[in-house]
Amino acid sequence: MSFFKKLKEKITKQTDAVTEKFKDGLTKTRDSFSGRVNDLVARYRKVDEDFFEELEEILIQADVGFETVMELIEELKMEVKRQNIQDPAEVQGVISEKLVEIYQGGEDETSRLNIQAEGLTVLLFVGVNGVGKTTTIGKLAHKFKVEGKKVVLAAGDTFRAGAIEQLEVWGERVGVDVIKQGAGSDPAAVMFDAVQAAKSRNADILICDTAGRLQNKVNLMKELEKVKRVIEREVPNAPHEVLLVLDATTGQNALIQAKTFKEATNVSGIVLTKLDGTAKGGIVLAIRNELGIPVKFVGLGEKMDDLQEFDAEQYVYGLFADLVEKEEIE
Amino acid sequence: MAFEGLADRLQSTMQKIRGKGKVSEADVKEMMREVRLALLEADVNFKVVKEFVKKVSERAVGQEVLKSLTPGQQVIKVVKEELTNLMGGEESKIAVSNRPPTVIMMVGLQGAGKTTTTGKLANLLRKKYNRTPLLVAADIYRPAAIKQLETLGKQLDMPVFSLGDQVSPVEIAKQAIAKAKEDHHDYVLIDTAGRLHVDEALMGELKEIKELANPNEIFLVVDAMTGQDAVNVAASFNEQLGLTGVVLTKLDGDTRGGAALSIRSVTNTPIKFIGLGEKLDALESFHPERMASRILGMGDVLTLIEKAQENVDEEKAREMEKKMRTASFTLDDFLEQLGQVRNMGPLDELLKMMPGANKIKGLNNMQIDEKQITHVEAIIQSMTKEEKIHPEIITAGRRKRIAKGSGTSVPEVNRLLKQFEDMKKMMKQMTGMQQKGKKKGKKKGGFNLPFNPFQ
């Protein structure tokens, strides 16, 4: 009860516009998710095995990682036993609390990027094919540009047909330089060039695109390690962020993606894209829980400014908005 | 990470049951829970899972499993059969219009792989059916999408129709079909922009294209890694456009691909092709029973066998087998065998197809070093003819020379020679066993690698 109020109060202090965007983007997500929780609570008179089984399904449907769901359910069962809860309505509060706990993780966690006050900041983007790396880079470049920073983009996807051109179009659109070589050239060499160019042009931020690769392709993952090594060698402490782009529609495989990319490139944050569809992106919960990688941005549409900093509370608020409102009426 | 297949899951349940003599209904229920978990873990939609488990339970309780001596095996068998049934038969046929050109529309979410698949499909149409497709770049929204298709067209040496990104996709489709008629193309492949199924404006555009182009096929391209949302996407596209087929992409990844089952069951349209890589020939027909194995985490023996059949010359294999039996197997033969295995594709992919391979500890994370095989090849190639036939004559001096010639080290040469000798010994033992047990010979033709590539 008081928990939701606290959450709501915290949220309302923040700019309404951003919250609205989150709510809009998550409308479909929220409708089905909390709607189902409500429905579940209403239908069951007793907290029993069947109740938990169905709850399990609801969480699974949101693509929350499998292990995480199992853990969560175990914890809930314990909690229910401990507090001797009989009424499903009482469980509802516990469910939300547990979810938020996982989402928020460490208290002082922020989604802020590690941007250097002085000198060049290098951001490296990685991920499987078709998740929206290049689009996200375009949006992020726009964001930095608006903030008055000098941005350079590195066209590190030398493999996919049209990838370099795609980044170039974004470069023109946003008004930033794109460093490129021909299709098929060594991405590590492109990075080397890009770092030199960014340095000599006194850029604040270098954003590096890479080709999409499935995490089980050992050679391609090795190539990515090499790309990272080149950046490390040329700029001390770089890359300052390695961002893994995840498609919100991806299921359990996203967890393996996060794990493998983390091993290869020490991923520091996640960008969750395509959250404006009906997909729930619940897998970030599992990734947070099992690998500790925070979500830094979410993609909520195709427009240039549709990239939002991830805010755990807002995300949860989006998921549970009608729960919050319902409690207030009571 | 605990991505275990159904077989592993059932094993623990089976251990509890073992020794009971009889399997009760409660036991079946417990097994069904494992089936359910295995499917959910594979990203099959939970509603689909529910239906499915109900069906399998009925069959299981209805004697088949209860009376079986090996209920675990029986459950797996029933599950696999039902899965295969559910995914329908093999239907990789592509419609042919009796008034050419045949029009195919490619639709789907962003990043599913439509453009790449369009290129692959064009390649298949030409290669397998001897057709002359016209590719149509109707994705005017994503930057450089047109360029991407044009590049693929260049790689394939096929014409791509484009009007730039300022003309509406409907108009592009219209003019493309006229152009195809004029130039006598028998197929028109329209690559549309990725869009969300809930985007009314863009879905409306697809409907317009459909009305105008009157396509013979509308293929939904879906990422195999898609989770629970696959049902919403597929159902929605199907409702709005009336799909005729589905292409599942990125199956060369390590996803279980449960989305295949979900999509099939909500749309009731056949999965026609699967994408297995970034190269333009990496498009294959969909095989339900293989997909079932994959979803259940049971390996893919059929594909493995097929690959072996495609790449291993049977006559050579027989000859090799004879050599093994008579212990006249030389390093030259070994080199040849190695080449055949390599022809079948990357070793780690082959291994993944082997049932039970995921059970071997560490195999999942193991990185197979293809370079080591190259080293072995180089070592053997640096030997003289005489040395290859009689490796026992290779003295320390010769070893040094071989190491130098192959760019490896003496210990590496030593290791190979030792392993080759061990292998020969093993063959002798095997032939000994075979002679005692008669027959059985055929099975052992296989690929005993006399070195461990997994170090």
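You'll find chain B entered in an unreviewed UniProt entry as Signal recognition particle protein, with Robertmurraya siralis given as the organism. Under Subunit (unreviewed entry), UniProt gives the following word-for-word description of chain B: "Part of the signal recognition particle protein translocation system, which is composed of SRP and FtsY."

Moving on, we come to the pattern of salt bridges. All names here are of chain A. This structure, assessed with the given rule, holds 30 salt bridges over all chains. Of the charged contacts in the structure, one is a salt bridge between K259 and E263, with a shortest N-O distance of 3.7 Å. Of this pair, K259 and E263 both sit in helix α10 (residues 253-265), four residues apart, which is roughly one turn of that helix. Residue class for K259 comes out partly exposed when judged on its relative accessible area of 24%. Under the relative-accessibility criterion, E263 is labelled exposed at 60%.

Residues and elements named next belong to chain B. Among the six residues of strand β2 (residues 133-138), six are classified as buried, and the element is accordingly described as predominantly covered. With burial as the criterion, each face of β2 is covered, one bearing P133, L135 and A137 and the other bearing L134, V136 and A138. Pairing of β2 with strand β4 (residues 187-192), which is carried by six bridges, proceeds in the parallel orientation. Within β4, the position partnered with L135 by the bridge is L189. Across two bridges, β2 lies against strand β3 (residues 160-161) in parallel orientation. Looking at β3, one finds that V136 is bridged to F161. For the segment spanning β2, helix α6 (residues 145-156) and β3, crossover handedness is right-handed.

All names here are of chain A. Close contact between helix α4 (residues 66-82) and helix α11 (residues 283-291) brings their axes to 8 Å; oriented N to C, the two are set at 80°. One finds that α4 runs roughly perpendicular with respect to α11. Taking contact as the criterion, the partners of E67, T68 and E71 in α4 are, on α11, L285, A286, N289 and E290. Residue composition of the contact of α4 with α11, by class: two nonpolar, two polar and three charged.

Our next topic: the UniProt feature "domain: SRP54-type proteins GTP-binding" (unreviewed entry) in chain B. When the UniProt feature table is mapped onto this chain, "domain: SRP54-type proteins GTP-binding" (unreviewed entry) is found at residues 270-283 of chain B. Taken end to end, residues 270-283 of chain B comprises 0% helix and 43% strand; its first and last C-alpha atoms sit 16 Å apart.

Taken residue by residue, the interface counts 47 residues in chain A and 42 residues in chain B. Between chain A and chain B the total buried area reaches about 4,100 Å² when both faces are included, carbon and sulfur atoms providing 55% of it. For chain A, the biggest contributors to the area lost against chain B are E57, F66 and N216 of chain A; these three give 14% of the whole. Our count for the contact surface shared by chain A and chain B stands at five salt bridges. The closest approach of N and O atoms between E53 of chain A and R33 of chain B, which form a salt bridge, is 3.3 Å.

Below, the discussion takes up helix α18 (residues 396-406) of chain B. Residue and element names in this part refer to chain B. Among the residues of α18, those classed as buried are I402, A403 and S406. Viewed end-on, α18 has its buried residues packed into an arc of 100°, placing them on one side of the element. Residues K400, K404 and G405 are exposed on α18 and point more than 90 degrees away from its buried face. Immediately downstream of α18, the backbone of G407 shows phi near 70°, a positive value.

Okay, the pairing of β4 of chain B next. Residue and element names in this part refer to chain B. Burial of β4 is extensive: six of the six residues sit out of reach of the surface. Burial of β4 is two-sided: the residues Y187, L189 and D191 facing one way and the residues V188, I190 and T192 facing the other way are all buried. Pairing of strand β1 (residues 102-107) with β4 involves five bridges; the strand directions are parallel. Residue pairing for β4: T102 is matched across the bridge by Y187.

All names here are of chain A. The strand order across the open sheet built from eight strands is β3-β2-β4-β1-β5-β6-β7-β8, with neighbouring strands paired in mixed fashion. Every interior strand has two partners, whereas the edge strands, β3 (177-179) and β8 (307-309), have only one. Adjacent strand axes in the sheet meet at a mean angle of 25°, parallel and antiparallel pairs treated alike. Bridge count for strand β2 (residues 151-156) against strand β4 (residues 205-210) is six bridges, and the pairing is parallel. Its bridge partner being in β4, L153 is matched across the sheet by I207.

Right, let's talk about the sheet that holds β3 of chain B for a bit. Residues and elements named next belong to chain B. As summarised here, the arrangement of the eight strands in space is β3-β2-β4-β1-β5-β6-β7-β8, forming an open sheet in which the pairing is mixed. Across the chains shown, the open sheet's two edge strands, defined by having one partner strand only, are β3 and β8 (283-285). Across the face of the sheet, helix α5 (residues 114-129) comes into contact with β1, β2, β4, β5 (217-223), β6 (245-249), β7 (271-275) and β8 while running at roughly 170° to β4.

The pLDDT averaged across chain A works out to 82; a share of 81% of its residues lies at or above 70. Low pLDDT (under 50) marks residues 321-325 of chain A, which in the prediction has 15 contacts with non-local residues, meaning those over four places away or in another chain.

Okay, the nonpolar core next. In this structure, L39, V107, I190, F237 and L248 of chain B are the most contacted members of the largest nonpolar core, which totals 93 residues. Excluding its chain neighbours within four sequence positions, the residues that come into contact with L39 of chain B are V44, V49, F52, L83, I295 and L296 of chain B. Ranked by size, the runner-up nonpolar core spans 75 residues in total, among them C208, L214, A254 and V271 of chain A.

Calculation criteria
- In every chain, residue numbers begin from 1 and rise along the written sequence.
- All chains are assigned letters beginning at A, and all ligands numbers beginning at 1, according to the order in which they are written.
- Confidence filtering applies because this is a predicted model: local features only for residues at pLDDT of at least 70, side-chain atom pairs given and counted only at 80 or more, and all residues used for totals across whole chains, interfaces and linings.
- Hydrogens and waters are ignored; side-chain quantities use all the structure's heavy atoms.
- UniProt positions are given in the numbering used here, feature names are shortened, and annotations may be inferred rather than shown by experiment.
- Every case where a carboxyl oxygen of Asp or Glu lies within 4 Å of a side-chain nitrogen of Lys or Arg is listed as a salt bridge.
- Helix and strand definitions here come from DSSP, where helices need a minimum of 4 consecutive H or I residues and strands a minimum of 2 consecutive E residues; each element is numbered from the N-terminal end.
- Residue exposure (1.4 Å probe, protein chains only): buried if accessible area is under 20% of the type maximum, exposed if over 50%, otherwise partly exposed.
- Strands are labelled as partners when DSSP assigns at least two bridges between them.
- By convention a crossover is right-handed if, when the strands point away from the viewer, the path from the first strand over the helix to the second runs clockwise.
- Between N-to-C directions, angles cover 0 to 180 degrees, with each direction set by a line fitted to C-alpha atoms, over the stretch in contact for helices.
- The labels follow the angle: roughly parallel below 35 degrees, roughly antiparallel above 145, roughly perpendicular from 65 to 115, and oblique for the rest.
- In this description, contact between two residues means that some pair of their heavy atoms is separated by no more than 4.5 Å.
- Only Asp, Glu, Lys and Arg are considered charged, only Ala, Val, Leu, Ile, Met, Phe, Trp, Tyr, Cys and Pro nonpolar, and every remaining residue, Gly among them, polar.
- Once two parts are joined, some of their accessible surface, as seen by a 1.4 Å probe, is lost; buried area is that loss totalled over both.
- The arc in question is the one traced by the directions running from the helix axis out to the C-beta atoms.
- A residue's pLDDT is simply how confident the predictor is in it, with values from 0 to 100.
- In these notes, a set of buried Ala, Val, Leu, Ile, Met, Phe, Trp, Tyr and Cys residues joined through side-chain atoms within 4.5 Å is what counts as a nonpolar core.

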